[in-house]
Amino acid sequence: MSVTVLYFAALRDAAGVNEEQLPRPESLPELYAVLCGQYGFKHAQNQLRVACNGAFCDWQYVPLDGDVIAFIPPVSGG
């Protein structure tokens, strides 16, 4: 049972990959905490948007096998 995690902007830079397959977590906050420990992400959870299967979702969403999860940090541009 696994999920696909997509990374964008600073998170992609820190992870060094665009996406990866990971074991299905119990919760999105748990998944993000594991990734912070692994990659040293600097953004707090409340600074990010999270999407599942192409739609924004709440952090309370319970991931299902096969979900595509994206953590989206704030971006700036000009």
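The structure we're discussing is the one just above.
Residues numbered from 1 in each chain as written. Predicted model: local features only at pLDDT ≥ 70, side-chain atom pairs only at ≥ 80, totals over all residues. Heavy atoms only, no water.

**Concerning unusual backbone geometry**
Glycine aside, residues mostly have negative phi, and peptide bonds are mostly found in the trans state.
Piece 1. One non-glycine residue, A9, adopts positive backbone phi at about 55°.
Piece 2. Tracing the backbone through its elements, the reader meets A9 in helix α1 (residues 9-15).
Piece 3. Note on A9: relative accessible area 24%, which makes it partly exposed.
Piece 4. Although it is not a glycine, N53 adopts a positive phi angle of roughly 55°.
Piece 5. Within the secondary structure, N53 is located in the loop between β3 (49-52) and β4 (55-57). (Helix = DSSP H or I, 4+ residues; strand = E, 2+ residues; numbered from the N terminus. Buried < 20%, exposed > 50% of the residue type's maximum accessible area, 1.4 Å probe, protein only.)

**A look at the packing of aromatic side chains**
Piece 1. By the definition in use, this model includes 7 aromatic pairs.
Piece 2. Measuring from centroid to centroid gives 5.6 Å for W59 and F71, while their planes differ by 20°, and the two rings are stacked. Of this pair, W59 sits in the loop between β4 and β5 (68-72) while F71 sits in strand β5, and the two are 12 residues apart along the sequence.
Piece 3. The class of W59 is buried, set by a relative accessible area of 15%.
Piece 4. The class for F71 is buried, based on a relative accessible area of 0%.
Piece 5. Cluster of aromatic residues (ring-pair linked, three or more members): Y7, Y32, Y39, F41, W59 and F71.
Piece 6. Across from the ring centre of F56, 3.8 Å away, lies the NZ or CZ of R49, which sits over that ring. (Phe/Tyr/Trp six-rings, centres within 6.5 Å; stacked < 30°, edge-to-face > 60°. Lys NZ or Arg CZ within 6 Å of the ring centre and 35° of its normal.)

**Remarks on the side chain of D67**
Piece 1. Mapping D67 onto the fold places it in the loop between β4 and β5.
Piece 2. No salt bridge is formed by the buried D67; its nearest oppositely charged neighbour, R24, is found at 7.9 Å. (Lys, Arg positive; Asp, Glu negative; His and termini not counted. Salt bridge = Lys/Arg side-chain N within 4 Å of Asp/Glu carboxyl O.)

**Points about the nonpolar core**
Piece 1. Within the largest apolar cluster, 18 residues are counted, with the highest numbers of intra-cluster contacts made by V5, Y7, L35, I69 and F71.
Piece 2. Taken together, the elements giving at least two residues each to this core come down to β1 (2-7), α1, α2 (28-39), β3 and β5.
Piece 3. Of the residues forming this core, the biggest block, 4 residues, is contributed by α2.
Piece 4. Residues in contact with I69, not counting those within four places in the same chain, are V3, T4, V5, L6, L28, L31, V50, A51, C52 and P63. (Core = buried A, V, L, I, M, F, W, Y, C linked by side-chain atoms within 4.5 Å. Contact = heavy atoms within 4.5 Å.)

**Considerations on α2**
Piece 1. For α2, which comprises 12 residues, the first-to-last C-alpha distance of 16 Å matches the rise-based estimate of 16 Å (1.5 Å per residue) to within 8%.
Piece 2. Buried within α2 are the following residues: L28, L31, Y32 and L35. Axial view of α2: buried residues confined to an arc of 95°, hence all on one face.
Piece 3. On its buried face, α2 is in contact with β1, α1, β2 (19-23), β3, β4 and β5.
Piece 4. Just downstream of α2, G40 is the residue with a positive phi angle, here 70°. (Expected span 1.5 Å × (residues − 1). Arc of directions from axis to C-beta.)

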